[in-house]
Amino acid sequence: MAQRVDVDQHRRDVAELLAGLAARPAERVALADAAGRVLAGDVRAPGPLPRFRNSQMDGYAVRAADVAGASPDAPVVLPVAGEVAAAPGDPAPLAPGTAVRIMTGAAIPEGADAVVPVEDTGTGTFNPDPSMRPADRSATHVTVLRPRGTGEFVREAGSDVAAGAVVLRSGTLLAPHHVAAAAACGLGELPVRARIRVAVVSTGSELVAPGEPAGPGQVWDANTAALAAAVRVAGGVVVLTDRTDDDPAGAAAVLGRAARSADLVLTSGGVSQGAYEVVKDALPDVVFRSVAMQPGGPQGLGRLDGTPVLTFPGNPVSAQVSFVVLARDALRELGGLPPVRRRTARLAAGLTSPAGRRQLLRGRLLPDGGASPRASAAPATTPTRAAGEHAAGVGPSAGVEIVGGPGSHLVASMAAADVLVDVPADVTDLAAGAEVTVWPL
Ligand SMILES: Nc1nc2c(c(=O)[nH]1)N[C@H]1C(S)=C(S)[C@@H](COP(=O)(O)OP(=O)(O)OC[C@H]3O[C@@H](n4cnc5c(N)ncnc54)[C@H](O)[C@@H]3O)O[C@H]1N2
Ligand code: MOO
C-alpha cells in the first residue's frame, strides 16, 4: 500500500532530496547571456564611472569665473579656441579667457570647470544657418548670455560609482539595467549561479509530439513542453527531453540516459494503478506515495543512479500543479531565486470541496477586485490557509473566480487561469467573499 502524506511533508522531502544540488560552482557568462541569471558574488567597479570628467551638454567649456557676469544685456564674448568631441584622445588645456565647443560626453579640458549649453549663447545653436549641412562651426567667438557656476553641466569622474565600489550585489537577478551597469564598467563577463540541469521525460504509448499528426488513440504530449517551460521559468536549464512508450526496457533506457545527463529528472505519467506503470517499474529506488492533494495525488521521489528523480502524474493539469506546488520553490531556491509569493484573494462565488484532500483549483484573478454584489455582501473573515502557510500578500485582497472544473485533464481550462486556489483538506464549504490563498502560475 502506497504511503499517504500531506502536501507540506512532500514539499519538505522534495527540498531535502534536492538540497545536495546546492553546492555547485559558479560559472562566468558573457554579458549578452547574463539577463535572467543570478549573480554569484558582489561585482566591483574596476575603475571610476564616469571614467573621466565630461560634459553633460552640447555647449562651450569655460572657466566659470570668465562668464560670472554674463547676461543678455551684458553678454560675455569669448574667443573659441577649438572643439572637443566625444571621441578618443585628450583635449588640450583651456587657456583663461577662452572657450571650446564641447559635445555631450566629451572630456572637459584641463582648466575648464563649467559648461555653457549652446542654447545660452548668442546664436542658440552650433548651426545658425539650417540650410548648411553639416553644421558650419567656424565661428571664432561665442557670445555667452548666462553665467554658469563651477561644476555646472560637468560630470565628475567617479560620480556614478567610485573605483572598487560594489556596483552589483551578489544574489541580484540580472535584468537589463544591471547588464548596462556592468557593461559601462567595462566588464565583459559576470559570475552567475550555475543553473540546475534538468531532464524531462514523459511516458505513455499514446503520446505523440505536438506538431505531428495524431492517429486513433493518440494524444499530443502536453507535459514535456509544459514541464520544460516550467523548469526554465524557475531558473533551471533543460538538458534533455524525451518520451517513452510503455515498454519497460525502452523506458528504463530513456530514464537511464536522462539520469546520466542531468542533475534532476522530472517524469510524468506511469505512476498510478494501471497495468502499464513503467515509471514505477523502472525506478526501484523511488518511493511512490499518495500526496493528499488534488490534482497531483500520485507522486514519487528518489534517485536513479544517484540522480534525484521526481515523478509526477500524467494528467496534464496534475503534472503542472505538481510542479508549481511541490517543486517550483525548491528549484528556484537552488538557483538563487526567491520563492513565488503566495497571496490571498476573495472568492467571487461560494464553493464546496471534498473532505480530506487539499484542492488546488484553477482561478482567475478579477481586475475589479471581485466586487460582485454577492462577494461584497458576504462576511470576509473565513480563515482558509493551511497550517504553517502564511500568504505573503498584504493589503486588500483581489477577487478570484474559479475557472473550469476540477478534472485534471482540463488543460485548456487551465490556460484561462492565472492562479491556483488553495482549499485546505478540512474545508468543505466556502462562502462568496471568503479569503483563500492563491499560488500564482
Ligand atoms: N484505479 C486508479 N486509477 C487512477 C488513479 C487511482 O488512484 N486509481 N489515480 C488517477 C489519478 S488522480 C491520476 S493523476 C492518474 C495518474 O496516472 P499516471 O500518472 O499513471 O498517468 P497515465 O496513466 O500515464 O496518464 C493519465 C492521463 O494523462 C494523460 N497523459 C499522460 N501523459 C500525458 C502527456 N505527456 N501529455 C498529455 N496527456 C498525458 C494520459 O493520456 C491519461 O489520460 O491516474 C488516475 N487513475
Ligand atoms: O491526483 Mo490526479 O493528479 O487528480 O488527476
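An unreviewed UniProt entry lists the chain under the name Molybdopterin molybdenumtransferase, with Antribacter soli as the source organism. Of the comments in the UniProt record for the chain, the one headed Sequence similarities (unreviewed entry) reads "Belongs to the MoeA family." According to the UniProt record, the Pathway (unreviewed entry) comment for the chain is "Cofactor biosynthesis; molybdopterin biosynthesis."

The next subject is the overall build of the chain. For the chain, the helix and strand inventory stands at 8 helices and 28 strands. Taking 22 Å as the expected radius of gyration for a compact globule of 441 residues, we find that the chain reaches 32 Å, considerably beyond that expectation. Taken along the three principal axes of its C-alpha coordinates, the chain extends 95 × 60 × 45 Å. The buried share of the chain, taken over its 441 residues, is 41%.

Look at helix α3 (residues 223-233) against helix α6 (residues 316-334): their axes get within 10 Å of each other, and the N-to-C directions meet at 20°. By the angle between their axes, α3 is roughly parallel relative to α6. Once α3 is placed against α6, the crossing between them reads as right-handed. Of the residues in α6, those touching α3 at N223, A226, L227, A230 and V231 are P316, A319, Q320, F323 and L331. Its residues placed into classes, the contact of α3 with α6 shows 8 nonpolar, 2 polar and no charged.

Glancing now at the sheet that holds strand β6 (residues 76-84). Sheet architecture is open: 5 strands sit in the order β8-β5-β7-β6-β9, paired in mixed fashion. For this open sheet the edge positions go to β8 (114-117) and β9 (141-144), each flanked by a neighbour on one side alone. The average angle at which neighbouring strand axes cross in this sheet is 40°, direction not considered. As defined by bridge partners, β6 adjoins β9 across 4 bridges and the pair is classed as antiparallel. Each residue of the ladder has a partner; that of V77, found in β9, is T143.

Partitioning the chain into structural domains gives domain 1 (3-24 + 194-334), domain 2 (28-47 + 169-192), domain 3 (54-155) and domain 4 (343-440). Each of domain 2 and domain 3 was reduced to a C-alpha centroid, and the two centroids are 37 Å apart.

Definitions and limits used
Residue positions within a chain follow its written sequence, with the count starting from 1. In the order they appear in the text, chains get letters beginning with A and ligands get numbers beginning with 1. For a predicted model such as this one, the threshold for reporting local features is a pLDDT of at least 70, and the threshold for listing and counting side-chain atom pairs is 80 or more; totals across whole chains, interfaces and linings nevertheless cover every residue. UniProt positions are given in the numbering used here, feature names are shortened, and annotations may be inferred rather than shown by experiment. Numbering of helices and strands runs from the N terminus; a helix is a DSSP stretch of H or I covering at least four residues, while a strand is a stretch of E covering at least two. A radius of gyration in this sense is built from C-alpha atoms; the matching globule rule multiplies 2.2 Å by the number of residues raised to 0.38. With C-beta atoms placed from the backbone, a residue is buried if 20 or more other C-beta atoms are within 10 Å of its own, exposed if 12 or fewer are, and partly exposed between those counts. To get an axis, a line is fitted to the C-alpha atoms, and for a helix only the part in contact is used. The angle between two axes follows their N-to-C directions and goes from 0 to 180 degrees. Roughly parallel covers angles under 35 degrees, roughly antiparallel covers those over 145, roughly perpendicular covers 65 to 115, and oblique covers all other angles. What makes a crossing left-handed is the near helix being turned counterclockwise from the far one by less than a right angle; a clockwise turn instead makes it right-handed. Each residue is represented by a C-beta atom placed from its backbone, and any two residues with such atoms within 7 Å are regarded as in contact. By the convention adopted, Pro, Cys, Tyr, Trp, Phe, Met, Ile, Leu, Val and Ala count as nonpolar, Lys, Arg, Asp and Glu as charged, and the other residues, Gly among them, as polar. In this analysis, strands are considered paired if DSSP registers two or more bridges between them. Domain ranges listed in this record stem from an automatic or a database domain assignment.

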